[in-house]
Amino acid sequence: MTTTPTPVGTVPHAGADTDGTRRRVLALVASDGPVTAGDLARTLRLTSAAVRRHLACLEQDGTIAVHDAGPAGGQARRGRPARRYVVSTAGQAELGGEDVELATQVMRYLRRTAGDQAVAEFAAERNDAVVRRYAPRLTGTDPHERAAQLADLLAADGYAASVRPVAGPRVPTVQLCQGHCPVQHAAEDFPELCEAEADAFARLLGTHVQRLATLAGGAHACVTNVPLAPTTPAGRSRGTQEGTR
C-alpha cells in the first residue's frame, strides 16, 4: 500500500496528526504569546473551533495558561475580552532544552568551589561563543534589521524568539521576545546567564539594550528593549537588566 506524500507547507486538516498539530499550537503560543485562539487559527489555517480544542487540552494538561494583563490602558472594556494564552512553567519543560539539571548541578559546584566570579566568567564565555557564531550571520545595517535576524537565529536554536514593535516611546524601539529558554531552570538559580545574554545581544546589535523581563524571573517571556538608534559603536555596547526576578 502506498500513500501520497503531503506537499511541503501544507497544513493538515483538523483531526489529522493531532499530536503534531497540538505541539505546533504549543510552539506558537510560546513564540507569539499572549495569543488568542483566533490568532492561532489564522496562522495555522485551521478553524477556531479546532484550535480551541487543542488549547483546551493543553490548558487541562497544564502546559498553557490564560494570560491576565488587566484592562488595556487601565480602563474597563465592554464585552468579554478574548482569552490570551501563554506557556506555563510545565509547558516550558515540555518544549525541551539542554540537560539543565546536570548543568545546574555543575554550576552549583563551580560556585561552591570557585566562587561567584567563576560563575560570571563561565556565563560570559558561554555567550562569547554565541556572539562568535551569530555575528557573521547578522548582515543587517540597522538595529531593527539586525534584531529581526537575531530573532530568527534564536528561534532556530529553540528560543521561540520574535521581534515586536513598541508604540509610544520617544526613541523608536522594538522588543526582542523569547517565549522559551532552554536553560531557564539553570537561570532561575544563576541570573548571570541572563545578564551575559543581554550583554551578548548588545554586542551583536551594536546598541544598548535593556532586559525588561525574564522567564527565569517568572514572566511569560524574556523581553529585551532594543532602541533603533545606535547608542554606542557596534561591538562595544553593553546590555543591562532590570530587577525582574
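Residues numbered from 1 in each chain as written. Predicted model: local features only at pLDDT ≥ 70, side-chain atom pairs only at ≥ 80, totals over all residues. Heavy atoms only, no water.

Enquirer: I would appreciate a short explanation of the packing of helix α1 (residues 18–32) against helix α2 (residues 37–44) in the present structure.
Expert: When two helices pack together, their arrangement is captured by the angle between the axes and the distance separating the axes. The N-to-C vectors of α1 and α2 enclose an angle of 120 degrees; their axes lie 11 Å apart at closest approach. Seen from above, α1 lies across α2 with right-handed handedness. Each of Arg-24, Val-25, Leu-28 and Val-29 in α1 lies in contact with α2, whose residues at this interface are Leu-40, Thr-43 and Leu-44. For the contact of α1 with α2, the residue count by class is five nonpolar, one polar and one charged. (Axes fitted to C-alpha atoms, helices over the stretch in contact; angles between N-to-C directions. Helix = DSSP H or I, 4+ residues; strand = E, 2+ residues; numbered from the N terminus. Left-handed = near helix turned anticlockwise from the far one by under 90°. Contact = heavy atoms within 4.5 Å. Nonpolar A, V, L, I, M, F, W, Y, C, P; charged D, E, K, R; others polar.)

Enquirer: Is there a simple way to explain the side chain of Gln-184 in this structure?
Expert: Along the chain, the position of Gln-184 falls in helix α8 (residues 184–189). Judged by its relative accessible area of 9%, Gln-184 falls in the buried class. Among residues more than four places away in sequence, those in contact with Gln-184 are Gln-92, Leu-215 and Ala-216. (Buried < 20%, exposed > 50% of the residue type's maximum accessible area, 1.4 Å probe, protein only.)

Enquirer: Help me understand α2, please; the structure alone is not making it clear to me.
Expert: Spacing of three or four residues puts side chains on the same side of an α-helix, whose turn is 3.6 residues. Along α2, the residues classified as buried are Ala-37, Gly-38, Leu-40, Ala-41 and Leu-44. Angularly, the buried residues of α2 cover 160 degrees about the axis, an arc narrow enough to put them on a single face. Close packing links the buried residues of α2 with α1 and α3 (48–61). Arg-45 sits one or two positions beyond α2 and adopts a positive phi of about 55 degrees. (Arc of directions from axis to C-beta.)

Enquirer: Please clarify how α3 should be interpreted in this entry.
Expert: The first and last C-alpha atoms of α3 sit 20 Å apart over 14 residues, in line with the 20 Å expected at 1.5 Å per residue. All buried positions along α3 are accounted for by Ala-50, Val-51, His-54, Leu-55 and Leu-58. One side of α3 carries all its buried residues, which in axial view fall inside an arc of 135 degrees. Exposed residues on α3 whose side chains face more than 90 degrees from its buried face are Arg-53 and Gln-60. Looking at the buried positions of α3, the neighbouring elements they touch are α1, α2, β1 (64–66) and β2 (85–87). Downstream of α3 by one or two residues, Gly-62 has phi in the positive range, about 85 degrees. (Expected span 1.5 Å × (residues − 1).)

Remember that the coordinates give geometry; whether it matters functionally is a separate question.
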